[in-house]
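# Reading the structure
As a plain string of letters, each chain reads:
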Amino acid sequence: MNEIRILLVDDHPVVRAGLRAMLTEFEGISVAAEAADGDAALKELKRLKTLGDRVDVVLMDLQMGAGMDGVTATSQIKLLEAAPPVLILTTYDTDADILAAVEAGASGYMLKDAPPEQIRQAVLAAAAGQTALAPKIAALLMNRISNPTAVLTPREVQLLELLATGLSNRAIAKQSFISEATVKTHLVHIYGKLGVDNRTAAIAAATRRRIIRAPGQQG
């Protein structure tokens, strides 16, 4: 079996160093290159291709400071010819983050506090063209499938995220390219699913249930 070559993407040098040390302990896995954000990752992929080197899996963080975030980078990578699979490795486990990553084309989603063996297995699965999900993430997605009426749709999650930033219905409508009446209809459905009757309670419930990040949360 050929060695699996990893492109490690994370904006924290200390985190990258720790991940590199862990990955290089695994037999058959090596780190081909590192990048501090999505834009740098795209440049590294092109540079390595020019050199005749390869990347078998991109291990991608989600939030990377002011640089290109992991979701945007994933969608850009998937447009490349013979694009390598992207495995998200993050601290975030909200519906909003998971759905965004999956919709962008991520092959897997793991949490940084996962045991090293789980991360190793996820890398192997991604390299083999398989889906790699942390047990917690897999359980969440299965719950979405088994209880579709009680779960918010991707559009409703997106509107909740905008709601949490303090935008008015009109501003949300403009940013989402839908009518203000449609926003109100979505909010009625959101309130019903969350068991609340106003936007403040909706944001609090969605944050508590880890559907969206807490307002202002960074990292």
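Before any of the text, the structure's been laid out above.
Just so you know, these numbers come straight off a predicted model, no measurement behind them. (Residues numbered from 1 in each chain as written. Predicted model: local features only at pLDDT ≥ 70, side-chain atom pairs only at ≥ 80, totals over all residues. Heavy atoms only, no water.)

### Comments concerning the environment of aspartate 97
Quick reminder of the rule: In DSSP terms, a helix is any run of H or I states spanning at least four residues, a strand is any run of E spanning at least two, and both are numbered starting from the N terminus. Here, residues are in contact when the closest pair of their heavy atoms is within 4.5 Å. Here a polar contact is recorded for every N or O atom pair within 3.5 Å, except that within protein the pair must consist of a potential hydrogen donor and a potential acceptor, and residues adjacent in sequence are included only if both atoms are side-chain atoms.
Here aspartate 97 lies in helix α4 (residues 95-104). Aspartate 97 sits twelve residues away from tyrosine 109 along the chain, and the two C-alpha atoms are 9.8 Å apart. Those residues in contact with aspartate 97 that lie beyond four places of it in its chain are Leu62, Tyr92, Tyr109 and Arg213. Reaching out from aspartate 97, the side chain makes a polar contact with the side chain of arginine 213 at a distance of 2.8 Å.

### With respect to the packing of aromatic side chains
Our working definition: Pairing of aromatic side chains requires ring centres within 6.5 Å, counting the rings of Phe and Tyr and the six-membered ring of Trp. Pairs whose planes differ by under 30 degrees are stacked, by over 60 edge-to-face, and all others tilted. Definition used: whenever NZ (Lys) or CZ (Arg) falls within 6 Å of the ring centre and also within 35 degrees of the ring normal, the charge is taken to sit over that ring.
Taken as a whole and judged by the stated rule, the model has zero aromatic pairs. Looking at arginine 213, its charged tip hangs above the ring of tyrosine 92, at a distance of 3.6 Å from the centre.

### A short note on the sheet that holds strand β1 (residues 4-9)
Backbone-to-backbone hydrogen bonds pair the strands of a sheet. The strands run either parallel or antiparallel. Here is the rule: In this scheme, strands are said to pair when DSSP sees at least two bridges between them. Helix axes are fitted only over the stretch in contact, all axes being lines through C-alpha atoms; the angle between N-to-C directions runs from 0 to 180 degrees.
One open sheet holds the six strands; their spatial order is β2-β1-β3-β4-β5-β6, and the pairing between them is parallel. Sheet topology places β2 (29-35) and β6 (132-133) at the edges, where each strand pairs with a single neighbour. Sheet topology note: the strand β5 (residues 108-111)/β6 ladder contains two bridges and is parallel. Across the sheet, residue glycine 108 finds its bridge partner in β6, namely alanine 132. Here helix α5 (residues 116-127) sits on the sheet and contacts β1, β2, β3 (57-60), β4 (86-90), β5 and β6; the angle it forms with β1, its principal contact strand, is near 115°.

### As for the side chain of arginine 5
Within the secondary structure layout, arginine 5 lies in strand β1. Within the structure, arginine 5 has its side chain in polar contact with the side chain of serine 30 (distance 3.2 Å). With near-sequence residues (within four places) excluded, arginine 5 lies in contact with Ser30, Val31, Ala32, Asp53, Arg54, Val55, Asp56 and Val57.

### Thoughts on the pairing of β4
What counts is decided by this rule: Categorising residues by exposure relies on relative accessible area from a 1.4 Å probe, with only protein chains included: less than 20% of the type maximum marks a residue as buried, more than 50% marks it as exposed, and the intermediate range marks it as partly exposed. Look down the strands so they point away from you; if the path from the first strand over the helix to the second goes clockwise, the crossover is right-handed.
Among the five residues that make up β4, five are buried, leaving the element largely enclosed by the rest of the structure. With burial as the criterion, each face of β4 is covered, one bearing Val86, Ile88 and Thr90 and the other bearing Leu87 and Leu89. Summarising the sheet, β3 and β4 pair through three bridges and their orientation is parallel. Of the residues in β4, the one forming a bridge with leucine 59 is leucine 87. On the question of chirality, the crossover connecting β3 to the parallel β4 by way of helix α3 (residues 70-77) is right-handed. The β-α-β motif built from β4, the intervening α4 and the parallel element β5 has right-handed crossover chirality.

### Focus: the packing of helix α7 (residues 154-164) against helix α9 (residues 180-194)
Note the threshold: An angle counts as roughly parallel when it lies under 35 degrees, as roughly antiparallel when it exceeds 145, as roughly perpendicular when it falls between 65 and 115, and as oblique in every other case. Side-chain classes are defined by residue name, with Ala, Val, Leu, Ile, Met, Phe, Trp, Tyr, Cys and Pro counting as nonpolar, Asp, Glu, Lys and Arg as charged, and the others, Gly among them, as polar.
Running from N to C, α7 and α9 cross one another at 95°; their axes reach a closest spacing of 10 Å. By the angle between their directions, the pair α7 and α9 is classed as roughly perpendicular. Seen from α7, the contacting residues are Arg155, Glu156, Leu159, Leu160 and Leu163; seen from α9, they are His186, Leu187, His189, Ile190, Lys193 and Leu194. Here the residues of the contact of α7 with α9 sort into six nonpolar, two polar and three charged.

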